[in-house]
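Secondary and tertiary structure notes
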Amino acid sequence: EAQVTQNPRYLITVTGKKLTVTCSQNMNHEYMSWYRQDPGLGLRQIYYSMNVEVTDKGDVPEGYKVSRKEKRNFPLILESPSPNQTSLYFCASKSGGRGNEQFFGPGTRLTVL
Amino acid sequence: AQSVTQPDIHITVSEGASLELRCNYSYGATPYLFWYVQSPGQGLQLLLKYFSGDTLVQGIKGFEAEFKRSQSSFNLRKPSVHWSDAAEYFCAASGTGGTPLVFGKGTRLSVIA
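Residues numbered from 1 in each chain as written. Chains lettered and ligands numbered in written order. Predicted model: local features only at pLDDT ≥ 70, side-chain atom pairs only at ≥ 80, totals over all residues. Heavy atoms only, no water.

With that settled, consider the packing of aromatic side chains. In this structure the tally under the stated criterion is 16 aromatic pairs over all chains. Centroid distance phenylalanine 34 of chain B to phenylalanine 51 of chain B: 6.2 Å. Interplanar angle 75°. Geometry classified as edge-to-face. Here phenylalanine 51 of chain B lies in the loop between strand E6 (44-50) and strand E7 (56-58) and phenylalanine 34 of chain B lies in strand E5 (residues 32-38), a separation of 17 residues in the sequence. Taking the relative accessible area as the measure of exposure, phenylalanine 51 of chain B reaches 30% and is therefore partly exposed. Plain terms: the ring middles of phenylalanine 63 of chain B and tyrosine 89 of chain B are 5.6 Å apart, the flat faces sit at 50° to each other, and that makes the pair tilted. Here phenylalanine 63 of chain B is found in the loop between E7 and strand E8 (64-68), whereas its partner tyrosine 89 of chain B is found in strand E10 (residues 87-94), with 26 residues between them in sequence. On the basis of relative accessible area, tyrosine 89 of chain B is assigned to the buried category, the value being 1%. An aromatic cluster of at least three residues, connected via ring pairs, comprises Tyr35, Phe90 and Phe104 of chain A together with Tyr32, Phe34, Tyr36, Phe51, Phe90 and Phe103 of chain B. (Phe/Tyr/Trp six-rings, centres within 6.5 Å; stacked < 30°, edge-to-face > 60°. Helix = DSSP H or I, 4+ residues; strand = E, 2+ residues; numbered from the N terminus. Buried < 20%, exposed > 50% of the residue type's maximum accessible area, 1.4 Å probe, protein only.)

Another aspect to go through is the pattern of salt bridges. One pass over the full model with this rule turns up 9 salt bridges over all chains. A salt bridge links glutamate 79 of chain A to lysine 18 of chain A; its shortest N-O distance comes to 3.9 Å. Taken as a pair, glutamate 79 of chain A in the loop between strand E8 (76-78) and strand E9 (87-94) and lysine 18 of chain A in the loop between strand E2 (10-13) and strand E3 (19-25) lie far apart in primary sequence, 61 residues in all. The class for glutamate 79 of chain A is partly exposed, based on a relative accessible area of 37%. Here glutamate 64 of chain B makes a salt bridge to arginine 77 of chain B, at a shortest N to O gap of 3.2 Å. (Salt bridge = Lys/Arg side-chain N within 4 Å of Asp/Glu carboxyl O.)

Okay, here's the thing in structure tokens:
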């Protein structure tokens, strides 16, 4: 089944404790992206990647890191999480064609205490 | 700057009534346009998309959307709403140059009996 998977789905952590949220897709998509969703703000893009070893900042990259060493994986790294990073995070992927549909993962709900 | 606006934060309709959700975009050229739906606790699912051609686009679950260049709008419609349509709806756009997807802030739809 074609899908985007994220792990963990739920995470509660404390300020300053490094964490990684994994994202994997099995559709051989070139493009992958991370979003955060907050009430009243919709989805805002954190980082995106056009292909392996190619990443770029989105609208709200501060406090996040990403890497794209393999085509299928695009982990999101919070080196020193803070409470303002408490949010619902979505990973998405799409093939490289212009305007193609993005497929979204199920989301990761992160709480930083 | 490129932007997508959904003027209605929350809409309530009766089951069986018609629905229209508004979306306006601000782009230098006509972007690719999308409508996504997010059911409670779920990820985002694509309802429909517009690239070019026929300005009335049919999607899944009985939804349609009409692109109006003169109004920079891409409103979502459904002739008869079902209780299962209660969800949050996001309009999104991306530039034809393959620029990242920009989301509106969403419209929450409630359906009453």
